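Examining the three-dimensional arrangement
If you want the building blocks of each chain, they are given just below.
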Amino acid sequence: MLVFERRREPSKFWTAITPVLAVLVTLIAGGILFAILGKNPVEAIKTIFWAPIFDPNLSAYARPQILVKAAPLVLIAIGLSIGFKANIWNIGAEGQYIMGAILGGGVALAFYPLEAWWIFPLMIVSGIVGGIAWAMIPALLKIKFKTNEILVSLMLVYVSEHFLASVSLGLLRNPDGVGFPGSRNLQHYVSASNGELFAGTGIHLGVIVAFVSIFALYGLIRFHRLGFQVRVTGQSVRISRFAGVNPNLMIIFCLAAGGGLAGLAGIFELSGPAGLLSIDFNVGYGFTAIIVAFLGRLNPFGIALAALLMSLTYIGGDLAQFMLNLPAAAIQALQGMLLFFLLSMDFLSQYRISIKHWARG
Amino acid sequence: MDFAAINPLIFFSTMVAASIPVLLAALGELVVEKSGVLNLGVEGMMIIGAVCGFITIYNTGSPLFGVLASIVAGGLLALIFGILTQVLHSNQVATGLALTLFGLGLSALIGQPFAGIKPPTFPKPDFGFLSDLPVLGQLLFKYDYLVYLAFILVVGVSYFLNRTRAGLILRSIGENHDAAHALGYNVVRVRLAAIMFGGGCAGLGGGYLAMIRVPQWTEGMTAGVGWIALALVVFASWRPYRVILGAFLFGGVTLLQLNLQAVGIKINPAYLSMAPYIITIVALVVISGSSNRLSTLAPGSLGRLFYKTM
């Protein structure tokens, strides 16, 4: 019969290969799903995964867009991965992303129409502060009252979405907007604009920062004491105490890292590609980043690859919506499936499967 | 402002109906957590239940089939979670999140052609003269079948968990799976059953939203109710009857917010819409902070992986 033996250490080979396998199986399963729903499976999968990179009419626009959309995913997932390593589950990054954008954007708009060099850095720092402040609510409640950070951070996503609606229709509404809902467009405010760095690509400062953050995380986890402390806390809070870790500070650090980077992603997005605060400013990067963190195995370089793949599905999903009339949420179904397959294949890295005959007796 | 415009009797009966989806989902999740499993996919199971119930009731015209479809759909989605976490030992938090994403996406895909259609009306039981009684009639005898079913289910779950042998086994598995395994109970099988029950309840809760409460199919219509249900289980400190209290509180706040807007109180509607979520957080803090016994109230093995030893 088949016997599953637990490995002492997760297999390095299977840990590296399973994300690739999971993607392949998702392509097949996704195709089957589309076929059942009466869409042409080959065309749908090709539009989502192939066309943005290789279609000659689309790739010139779509290729740099993949980087632009991957940037917020990388930033958020890098922050979240630190918490996940320590078993601290911040799943409210979407809210921290929104609050970073609101605070950063609010600070910049407060100085409108003043033009000065310090407005841009001040705006970016405010974005980070906004994200951290929002993440401190679950952190402090967890420390003080032992409330579950999963639930609190998630409830705060809904609170921040309503707050976004209220400020973009009220406090921060464009006074010259002739009734149009939403704030002033930061792209038209030179001191606060996070413009294109290379003409025609849409690549902005946030993309560069995102890729710097990959190496920053690698350095932190590999070479800094904090990285070690995060990993020990994830193994066991009790053992981490013996290693001299203060669990409360660890909670604050992990949530601040997730919140701060989510806030940073929010303000880069607001001052760059999005331009203005409106009800539909947030598009779910905070949730997709959770998948990115897992798909990338909480490893900085893995996260970068996973973010590029997810970003590809976003762009491909837009194309499929436009060309094949698939609903935007179809991408969510694919993302959910991808995570399912990845998690189930983890079994292969945890267990050795062998065939054995039981001795009777 | 004119509070007199809010009729307390109608307010109460509407509140009861408004609290049913979250009540059902929370009740199911309570049983799951009592068996020691944390399923964060409630939102996904609810919305799949909603869309499958809606499509079935629309196509067959039969409320019974609609209800069954909701339950089966939620249960099947839960089975995916069960196999991944119980058989393949995947991380429960990540798997639950995947379930929610998948449910939201899949429901949007299969529900696309059904958006904005009205389903057939859902029948109510006929209590004869009872529903004409002055106050009691409005308070007790004006609901649809599922409302009564939900309350019977609360009583049933409470009885099952506290008064039956099977319930005792389920609780013992949630409390300490290694000890329960040593006693010869099949941890994985009991947990799979609990997870599917939870999925069925969540699916039915979603079905109630789409078939009765709203009633129509809209993409993403559960709008976070599944997450509120998870918070409610903690709020209720894992006791079935307290889930009713929590569900009424949530239903009441949601409704009050609509009523206050209608009565013309000048508060920014965005702030009123935040209220249920903020109150849930406050309730979580009060529950977690006030009792040091929370750690003893929560099932001992909640969210921990079970590795079978030979």
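Our subject is the structure listed above.
Below or above, wherever it landed, is the structure these notes cover. (Residues numbered from 1 in each chain as written. Chains lettered and ligands numbered in written order. Predicted model: local features only at pLDDT ≥ 70, side-chain atom pairs only at ≥ 80, totals over all residues. Heavy atoms only, no water.)

**Thoughts on the interface of chain A and chain B**
The partner chain B presents 45 residues to the 40 residues of chain A that form the contact. Both sides together, the interface formed by chain A and chain B hides about 3,800 Å², and carbon and sulfur atoms give 82% of it. Sorting the residues of chain A by area buried against chain B places Leu151, Met155 and Phe340 of chain A first, and these three jointly supply 17% of that buried surface. Counting across the chain A and chain B interface gives zero salt bridges. At the boundary of chain A with chain B, the tally comes to one residue pair in polar contact (both at pLDDT 80 or more). Contributing elements (two or more residues each) for the side of chain A that touches chain B: helix 1 (12–36), helix 6 (119–145), helix 7 (149–169), helix 12 (285–295) and helix 14 (330–350) of chain A. Looking at the side of chain A that touches chain B element by element, the count peaks at 11 residues for helix 7 of chain A. Classifying every residue of the side of chain A that touches chain B by side-chain character gives 30 nonpolar, seven polar and three charged. (Contact = heavy atoms within 4.5 Å. Buried area = accessible area lost by both parts, 1.4 Å probe. Salt bridge = Lys/Arg side-chain N within 4 Å of Asp/Glu carboxyl O. Polar contact = N/O pair within 3.5 Å; in protein donor to acceptor, adjacent residues only side chain to side chain. Helix = DSSP H or I, 4+ residues; strand = E, 2+ residues; numbered from the N terminus. Nonpolar A, V, L, I, M, F, W, Y, C, P; charged D, E, K, R; others polar.)

**Examining helix 1 of chain A**
Along its 25 residues, helix 1 of chain A runs 36 Å from first to last C-alpha, staying within 8% of the 36 Å computed at 1.5 Å per residue. Where helix 1 of chain A bends most, the angle comes to about 35°, and this point is Thr18 of chain A, followed within four residues by the proline Pro19 of chain A. Three or more residues of helix 1 of chain A are buried, namely Thr18, Pro19, Ala22, Val23, Thr26, Ala29, Gly30, Gly31, Leu33 and Phe34 of chain A. Packed against the buried residues of helix 1 of chain A are helix 2 (41–49), helix 12, helix 13 (300–324) and helix 14 of chain A together with helix 4 (92–111) of chain B. (Expected span 1.5 Å × (residues − 1). Bend = angle between axes of the 7 residues up to and from the residue. Buried < 20%, exposed > 50% of the residue type's maximum accessible area, 1.4 Å probe, protein only.)

**Quick word on the state of the cysteines**
All names here are of chain B. Inspection of every chain in the model, using the stated rule, returns zero disulfides over all chains. You can see Cys52 has no disulfide; the closest cysteine sulfur is in Cys201, sitting 16 Å from it. Judged by its relative accessible area of 6%, Cys201 falls in the buried class. (Disulfide = S-S within 2.5 Å.)

**Observations concerning the pattern of salt bridges**
Residue and element names in this part refer to chain A. Taken as a whole and judged by the stated rule, the model has three salt bridges over all chains. With a closest N to O distance of 2.9 Å, Glu149 and Lys142 form a salt bridge. Note that Asp176 is salt-bridged to Arg184, the shortest N-O span being 3.0 Å. Owing to a relative accessible area of 55%, Asp176 belongs among the exposed residues under this scheme.

**As for the packing of helix 6 of chain A against helix 11 (residues 247–274) of chain A**
Residues and elements named next belong to chain A. Taken N-terminus to C-terminus, the directions of helix 6 and helix 11 make an angle of 145°; their axes are 6 Å apart at the nearest point. Where helix 6 crosses over helix 11, the two elements pack in a sense that is right-handed. A class-by-class count of the residues in the contact of helix 6 with helix 11 yields 17 nonpolar, seven polar and one charged. (Axes fitted to C-alpha atoms, helices over the stretch in contact; angles between N-to-C directions. Left-handed = near helix turned anticlockwise from the far one by under 90°.)

**Some remarks on the packing of aromatic side chains**
Any aromatic ring pair is given by two values, namely how distant the centres are and how the planes are angled relative to each other. All names here are of chain A. This model, assessed by the stated rule, comprises 20 aromatic pairs over all chains. The interplanar angle of 75° and the centroid separation of 5.3 Å between the aromatic rings of Phe13 and Trp14 together place this pair among those described as edge-to-face. The class for Phe13 is exposed, based on a relative accessible area of 56%. Judged by centre distance (5.4 Å) and plane angle (15°), the rings of Tyr97 and Phe281 are stacked. Of the two residues, Tyr97 sits in helix 5 (residues 93–110) while Phe281 sits in the loop between helix 11 and helix 12, which places them 184 residues apart along the sequence. (Phe/Tyr/Trp six-rings, centres within 6.5 Å; stacked < 30°, edge-to-face > 60°.)

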